[in-house]
Number of protein chains: 2
Amino acid sequence: MGYTFNYIIDNQKIQFLFEDTFSSILNYAPQSKIVIITDEQIDALHNNLFTGFHVIKIQSGEINKTQQTVDAIIDQLLAASIGKDVFIVGVGGGVVTDIAGYVASVYKRGTRLGLVPTSLLAMVDAALGGKNGVNVGQYKNMVGTIYQPEFILFDLNFLNSLPISKWENGFAEIIKHACIKDAAMFEKLSNHNLSDYQNNSMLLATLIEENVHLKMNVVVEDVFEKKDRKLLNFGHTLGHAIENVYNMSHGKAVSIGMVFAAKLSEKITGFDANSTHQIIQLLEKYQLPTTIEIDNDKIIKLLFADKKRIGNEMHFVLLNEIGSAEAKPILLTDLEKYINEIMLCG
Amino acid sequence: MGYTFNYIIDNQKIQFLFEDTFSSILNYAPQSKIVIITDEQIDALHNNLFTGFHVIKIQSGEINKTQQTVDAIIDQLLAASIGKDVFIVGVGGGVVTDIAGYVASVYKRGTRLGLVPTSLLAMVDAALGGKNGVNVGQYKNMVGTIYQPEFILFDLNFLNSLPISKWENGFAEIIKHACIKDAAMFEKLSNHNLSDYQNNSMLLATLIEENVHLKMNVVVEDVFEKKDRKLLNFGHTLGHAIENVYNMSHGKAVSIGMVFAAKLSEKITGFDANSTHQIIQLLEKYQLPTTIEIDNDKIIKLLFADKKRIGNEMHFVLLNEIGSAEAKPILLTDLEKYINEIMLCG
């Protein structure tokens, strides 16, 4: 029932195995050469799939996306005398696909890699584009590489066991894609709601595939984030800071970050306040928060450590209209002023 | 007085600043954007060069080529709010250039990088080709990336403070280059000795430049080690194992490894025993050891963990004649037999 499409990045072909089943990973390497990296939750839910495979399990959750987890995996690979010819397959959400990608990029200076995203967020965003990384203390993705997998396998059955909070995470990124690149998708999302997508697998599959193409087209044009790839950070600059300070889920934090970026756009690009209102309505429809009680000083300190800061400026993604975005440099001093002006607490 | 030549790897230009002076690094970035990574020994000897630069010092020695050292550097970069636009310059021997290269490749998913090798070994080998890495326990370079610097600066004044043991390390790799690729260089080395090169800076500069070109030509043809780059591992498979088990310097261990590989070549490629004798004589002339009391079991265990092992085979670099080498797969079971046959203890 599955079908395949490819993207080429830096002369490397990435095969997208869409609506496929897990066992197709055996088309890439014999079972003896595969090491599965997954987390405890996925292992508990889908253990039957892993019979006969060498499995390395990590603890679930963003708090474990650290160098220590990477070190522990490498120790296990070495202890099992795993060679450079291993095929590492990351099976899980964004934490697992990031960790697996990073390990594959540095173990014995690089091994083969495949990804099986199991969450909506990982399917439409985290597993796509080759970026991986670990957090250092409160700072997200401070260490990592850009390393492409040979395949990304989409088995939508994994979503049957996805908790509701993880659906929201995925839709935050889907709404982000719509905001920066696709007014028609924004319209379509406005005409449906979360349970429509949860109950209609064809509708969901189409939405996921659209989002895969949207992101991959941006990435293919711009692997090293000189141009459009920056736009994918819409909502993420403030979002990452909130996520860390308030220990909030990625999707919820990005949702609040998008509202802030929309309000900032009103001040800088002349973005229409009615459009900001539409974005807030859409986020609320998909059960995402749009306001927060915020400690500005903590947030500002974290923003200053962001990867996107260049000297005393920060590149911030702003909207011109729904479906059209641009990255603009903002002086940190101005940004601080705007943060204090834009009341995020409603 | 300096001059420049370039090599292109993966569309990236690497500038070789030959017989140049340290201050030329300022042609690449303003002082405020540069972070120097060096070690305590280099800092103690050449501290005057670093005035006004942000310097991160690591402990000297192979034992500190670890993930912990990388983590400590990353913590210092984050604590100082160093952005992705930093220009990292590694100034030191192979440990420093490896650590600096690895940090630059993963910090905020990759920063600018320049290298200033200060030892003969780093100038003719370690700093060239983009391979970096850290050791994991007894296993060498188990984690790392391939990441090219924008420049490699050769300031031969650094060699004035190089201790004698480090000269031997460098000559082990130079003799390796001669063995695998350059019979004329082998001849020339046979007609000189260590003090000739230490006392004649023009003779030394010519030798270093020849070795840079030799290695870079191999690397440019073969960044990912599918073909000739493997030949650079001549003497290194057993060498790495000995280095770790006996806590011996890299050069000495590789020297013993080359003698073993030459004797193995006699058995497999029909390499002339007289040539093995010539290699032993040349190594001894440059004060390198050629025999060792060895614990075969320990060595074999480490060999089996080597990156170059593929399944139950190991690719081993063998000589056909002096100046001509090839990589051949050897079954691990055969290798074990050969190790027990070839008496390394003289």
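Rules used throughout
- Residues numbered from 1 in each chain as written.
- Chains lettered and ligands numbered in written order.
- Predicted model: local features only at pLDDT ≥ 70, side-chain atom pairs only at ≥ 80, totals over all residues.
- Heavy atoms only, no water.
- Least-squares fit on C-alpha atoms with pLDDT ≥ 70 in both.
- Contact = heavy atoms within 4.5 Å.
- Pairing = 2+ DSSP bridges.
- Helix = DSSP H or I, 4+ residues; strand = E, 2+ residues; numbered from the N terminus.
- Axes fitted to C-alpha atoms, helices over the stretch in contact; angles between N-to-C directions.
- Salt bridge = Lys/Arg side-chain N within 4 Å of Asp/Glu carboxyl O.
- Polar contact = N/O pair within 3.5 Å; in protein donor to acceptor, adjacent residues only side chain to side chain.
- Nonpolar A, V, L, I, M, F, W, Y, C, P; charged D, E, K, R; others polar.
- Buried < 20%, exposed > 50% of the residue type's maximum accessible area, 1.4 Å probe, protein only.
- Domains from an automatic or database assignment.
- Buried area = accessible area lost by both parts, 1.4 Å probe.

As a further point, take the relation of the copies chain B and chain A. Two copies of the chain are present, and they differ by a rotation about an axis and a shift along that axis. Each copy of the sequence occupies a distinct position, and chain B is placed on chain A by a rotation of 180 degrees and an axial shift of 0.0 Å, giving an RMSD of 0.0 Å. The symmetry that links the two subunits is that of a two-fold axis. With an isologous cut-off of 70% or more, the 100% of interface residues of chain B that recur at the interface of chain A puts this contact in the isologous class.

Quick look at the sheet that holds strand β1 (residues 3–9) of chain B now. Residue and element names in this part refer to chain B. If you trace the 7 strands from one edge of the open sheet to the other, you get β1-β2-β9-β6-β5-β3-β4, paired in mixed fashion. Of all strands in the sheet, those bounded by a partner on one side alone are β1 and β4 (54–58). The sheet shows a mean angle of 20 degrees between the axes of neighbouring strands, direction not considered. Here 5 bridges tie strand β3 (residues 34–39) to strand β5 (residues 87–92), and the two strands are oriented parallel to one another. From the neighbouring strand, Ile34 faces β5, where its bridge partner is Phe87.

As a further point, take the interface of chain B and chain A. With 33 residues of chain B at the contact, the number on the chain A side is 33 residues. Linking chain B with chain A are 0 salt bridges, by the criterion used here. Where chain B packs against chain A, one counts 6 residue pairs in polar contact (both at pLDDT 80 or more). At the level of elements, α2 (67–79), α3 (94–106), β8 (139–143) and β10 (309–310) of chain B are the ones that each hand at least two residues to the side of chain B that touches chain A. Broken down by element, the side of chain B that touches chain A gets its largest block of residues, 5 residues, from α2 of chain B. In the side of chain B that touches chain A, the residues fall into 13 nonpolar, 9 polar and 11 charged.

Another aspect to go through is unusual backbone geometry. The phi angle at Glu19 of chain A is positive, at roughly 50 degrees, despite the residue not being glycine. Inspection of the secondary structure puts Glu19 of chain A in the loop between β2 (12–18) and β3 (34–39). Owing to a relative accessible area of 24%, Glu19 of chain A belongs among the partly exposed residues under this scheme. Even without being a glycine, Gln287 of chain B presents a positive backbone phi close to 65 degrees. Position of Gln287 of chain B relative to the elements: it lies in the loop between α11 (273–285) and α12 (296–304).

This paragraph deals with the domain arrangement of chain A. Residue and element names in this part refer to chain A. Each assigned domain of chain A is listed here: domain 1 (3–161) and domain 2 (172–345). The C-alpha-based centres of domain 1 and domain 2 are spaced at 26 Å. Between domain 1 and domain 2, the contact holds 29 residues from the first and 28 residues from the second. Ranking the residues of domain 1 by area buried against domain 2 places Tyr7, Val124 and Lys140 at the top, with a combined share of 23%. In this assembly, domain 1 and domain 2 are joined by 2 salt bridges. Lys215 serves as the salt-bridge partner of Asp125, at 2.6 Å between the closest nitrogen and oxygen. If you look at where domain 1 meets domain 2, you find 6 residue pairs in polar contact (both at pLDDT 80 or more).

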